[in-house]
Amino acid sequence: PSEFYLGSHILFYLIACGVAIVLMNLMIGILGTNYDTYEDLAEQLFLRERARMILNFNSRPWLDILGCCKPKVGGNQELFVIVREEATADEQRSMRSVFKMQVAKQSDVVSARMDARIDELGTHVAELDKKLNKICDILAAPAKYERSATWPMQQR
């Protein structure tokens, strides 16, 4: 052992612990993001799997042979889906869902403001267009307004 034996071991253990902590935090972040993503998709994935199982069950050949387990439905078959407009407490568990809802609310507010501003600017442009057409008419036919009080050059 040299004179740097103790110092080098302490430095090695500190760096090893620091790297382990950083990697653990990185792993926790990645797992948390994946959990939030699949928590948001859980209901969709559940309904998709349920529909796949129902389709699988209904397409079994012995159900047609037996005929007793399969319901007889004639005509068009329709599927109605009911969806809530506002999220429930279960849907707001993940931060991603909360952020999505807040962004959607803010974008609705911004869209309403922009529509109001566009309407306001449209009326302003229409007024300016009328004034510009009036000026163009005056400049196009100066003889018509020559002795008139509306001709700007005659007002001195």
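The structure this text deals with has already been given above.
The sections below set out a description of the structure shown in this document. Per chain, residues are indexed from 1 in the order of the written sequence. Only residues with pLDDT of at least 70 get local features here, since the model is predicted, and only at 80 or more are side-chain atom pairs given and counted; chain-wide, interface and lining totals rely on the full set of residues. Only hydrogens and water are removed before side-chain values are computed, so all heavy atoms of the structure are retained for them.

### Focus: the overall build of the protein
Defined as follows: Note on conventions: DSSP H or I runs of at least 4 residues are helices, E runs of at least 2 residues are strands, and numbering of each starts at the N terminus. Think of it in three bands: with a 1.4 Å probe and only protein chains considered, a residue is buried below 20% of the maximum accessible area for its type, exposed above 50%, and partly exposed in between. Each accessible area value is a Shrake-Rupley result obtained with a 1.4 Å probe; residue values ignore everything except the protein chains displayed when judging cover.
The secondary structure content of the protein amounts to three helices and zero strands. Expressed as a percentage of its 156 residues, the buried residues of the protein come to 4%. Of the accessible surface of the protein, which amounts to about 14,700 Å², a share of 63% is contributed by carbon and sulfur atoms.

### Details of the packing of aromatic side chains
Applicable threshold: Here a Phe, Tyr or Trp ring, Trp counted by its six-membered ring, pairs with any other such ring whose centre lies within 6.5 Å, and the pair is stacked when the planes are under 30 degrees apart, edge-to-face when over 60, and tilted otherwise.
Throughout the structure, instances matching the rule amount to one aromatic pair. Note on F12 and Y13: the rings are 5.5 Å apart at their centroids and 65° apart in plane angle, and the pair reads as edge-to-face.

### A few points about a nonpolar patch on the surface
For the record, the criterion: Patch members must show over 30% relative accessible area and no salt bridge, and they are joined within 9 Å when carrying like charges or within 5 Å when they are nonpolar side chains of Val, Leu, Ile, Met, Phe, Trp or Tyr. We count a salt bridge whenever a side-chain nitrogen from Lys or Arg sits within 4 Å of a carboxyl oxygen from Asp or Glu.
Taken together, the side chains of L11, I15, V19, L23, L26 and I30 define a hydrophobic patch exposed on the protein surface, amounting to about 580 Å² of accessible area. Relative to the assigned elements, L26 resides in helix α1 (residues 5–58). Judged by its relative accessible area of 52%, L26 falls in the exposed class.

### Comments concerning the pattern of salt bridges
With the rule as written, the count across this model stands at two salt bridges. With a closest N to O distance of 2.3 Å, R52 and E49 form a salt bridge. Taken together, the positions of R52 and E49, both in helix α1 and three residues apart, correspond to about one turn of that helix. R52 sits in the partly exposed class, given a relative accessible area of 45%. Among the ionic pairs, R117 bridges to E120, the shortest N-O distance being 2.6 Å. With a gap of three residues between them, R117 and E120 both fall in helix α3 (residues 95–140), about one helical turn apart.

### Quick word on the packing of α1 against α3
Selection rule: In this description, a line fitted to the C-alpha atoms serves as the axis of each element, helices being fitted only across the stretch in contact, and the angle between N-to-C directions of two axes falls anywhere from 0 to 180 degrees. We call two residues in contact whenever any of their non-hydrogen atoms come within 4.5 Å of each other. Amino acids outside the nonpolar list (Ala, Val, Leu, Ile, Met, Phe, Trp, Tyr, Cys, Pro) and the charged list (Asp, Glu, Lys, Arg) are all regarded as polar, and Gly is one of them.
Following both chains from N to C, one finds α1 and α3 inclined at 65°, their axes separated by 8 Å at the closest point. Seen from α1, the contacting residues are T33, D36, T37 and D40; seen from α3, they are M95, R96, S97 and K100. Per-class residue counts for the contact of α1 with α3 are one nonpolar, three polar and four charged.

Function-wise, these values are silent; they only describe arrangement.
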